[in-house]
Amino acid sequence: MQEPAHKIFIHKFLDWNKVQDRLKHYKHIANHYDIRYLKECSEKPPYYCHYLAWRLGTWRNEKLFEFFDDLLAFSSSLKNWKSNKNLLRSYSFDDFWGLLWQLQVAKYFSRKKDINIEWMSSGPDLKITTGKEYIFIECYTYRKSFGIEEF
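What comes next is a walk through the structure.

1. Considering the pattern of salt bridges
Where charged atoms from two side chains of opposite charge approach closely, those side chains can pair.
Then step 1. Per the stated rule, a full pass over the model turns up five salt bridges.
Then step 2. Notably, a salt bridge pairs Arg22 with Glu62, separated by 2.5 Å at the nearest N-O pair. Separated by 40 residues along the polypeptide, Arg22 in helix 2 (residues 16–25) and Glu62 in the loop between helix 5 (51–58) and helix 6 (63–75) bring together distant segments of the chain.
Then step 3. According to the relative accessible area criterion, Arg22 is buried, its value standing at 5%.
Then step 4. Relative accessible area serves as the criterion here: at 27%, Glu62 is assigned to the partly exposed category.
Then step 5. Within this structure, Glu3, Lys7 and Glu43 form a network of salt bridges that share partners.

Structure representation (structure tokens):
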């Protein structure tokens, strides 16, 4: 059976040296995305690459990586961070947008005074506490076919 054209395209243009260089430069990204795992995804359909490996290995601009590294630094310091493991271990392109949105929401609330932010182990994504009051935040992203279209 012949390899899919997009797999050939991805393997031709994804620069693994650039991925490794960027992982060396962005320590918080590297702490959450192991190069071996990123490479394993290169054989899994339908994408034949991890959502972050594609960006790390093809994009020319560093701004997203600086932004993402900062979000990971902050978000991973919050209680129950490990509850986001499923999004970090997924190679689905639409999961990247879900994760990015959750991290941005957490960072947004960090700018408010006298609050505590924590990830929830299940259910809503975040719990925000101020004094004796608290609210739960669900960070929803519209998905449907967005992931495939974005890919």
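What follows continues from the structure just given.
2. Overview of unusual backbone geometry
Then step 1. In this structure, the amide linkage connecting Pro45 to the following residue, Pro46, adopts the cis form with an omega of 5°.
Then step 2. Structurally, Pro46 is set in the loop between helix 4 (35–40) and helix 5.
Then step 3. One non-glycine residue, Tyr48, adopts positive backbone phi at about 60°.
Then step 4. Its location among the elements puts Tyr48 in the loop between helix 4 and helix 5.
Then step 5. Take Tyr48: its relative accessible area is 10%, and that puts it in the buried class.
Then step 6. The backbone phi angle of Asp114 is positive, close to 55°, even though this residue is not glycine.
Then step 7. By the secondary structure assignment, Asp114 is in the loop between helix 8 (93–110) and strand 1 (116–119).

3. What to know about the environment of Gly57
Then step 1. As for its position among the elements, Gly57 is in helix 5.
Then step 2. Through-space distance from the C-alpha of Gly57 to that of Tyr91 is 15 Å; in sequence the pair is 34 residues apart.
Then step 3. When near neighbours in sequence (up to four residues on either side) are disregarded, Gly57 contacts Phe13, Leu14, Asp15, Lys18 and Val19.

4. Some words on the packing of helix 6 against helix 8
Then step 1. Interaxial distance between helix 6 and helix 8 falls to 9 Å at its minimum, and their mutual angle equals 65°. Where helix 6 crosses over helix 8, the two elements pack in a sense that is left-handed. Contacts between helix 6 and helix 8 involve Leu64, Phe67, Phe68, Asp70, Leu71, Leu72, Phe74 and Ser75 from the former and Phe96, Leu99, Leu100, Leu103, Gln104, Ala106, Lys107 and Ser110 from the latter.
Then step 2. Residues belonging to the contact of helix 6 with helix 8 are distributed by class as follows: 11 nonpolar, three polar and two charged.

5. Things to note about the environment of Phe67
Then step 1. Inspection of the secondary structure puts Phe67 in helix 6.
Then step 2. Judged by its relative accessible area of 36%, Phe67 falls in the partly exposed class.
Then step 3. Sequence separation of Phe67 and Ser90 is 23 residues, and the distance between their C-alpha atoms is 20 Å.
Then step 4. Ignoring any residue separated from it by four or fewer positions in sequence, one finds Phe67 in contact with Leu100 and Gln104.

6. Remarks on the packing of aromatic side chains
Two descriptors summarise a pair of aromatic rings, namely the distance from one centre to the other and the angle between the planes of the rings.
Then step 1. Per the stated rule, a full pass over the model turns up 13 aromatic pairs.
Then step 2. Pairing Tyr26 with Phe65 gives two aromatic rings, centres 6.1 Å apart and planes at 40°, and the pair type is tilted. With Tyr26 in the loop between helix 2 and helix 3 (27–32) and Phe65 in helix 6, the pair connects residues that are 39 residues apart, well separated along the chain.
Then step 3. Under the relative-accessibility criterion, Tyr26 is labelled buried at 4%.
Then step 4. Seen in terms of ring centroids, Tyr51 and Phe96 are 5.2 Å apart; in terms of plane orientation they differ by 45°. Their pairing is tilted.

About the thresholds
- Residues numbered from 1 in each chain as written.
- Predicted model: local features only at pLDDT ≥ 70, side-chain atom pairs only at ≥ 80, totals over all residues.
- Heavy atoms only, no water.
- Salt bridge = Lys/Arg side-chain N within 4 Å of Asp/Glu carboxyl O.
- Helix = DSSP H or I, 4+ residues; strand = E, 2+ residues; numbered from the N terminus.
- Buried < 20%, exposed > 50% of the residue type's maximum accessible area, 1.4 Å probe, protein only.
- Contact = heavy atoms within 4.5 Å.
- Axes fitted to C-alpha atoms, helices over the stretch in contact; angles between N-to-C directions.
- Left-handed = near helix turned anticlockwise from the far one by under 90°.
- Nonpolar A, V, L, I, M, F, W, Y, C, P; charged D, E, K, R; others polar.
- Phe/Tyr/Trp six-rings, centres within 6.5 Å; stacked < 30°, edge-to-face > 60°.

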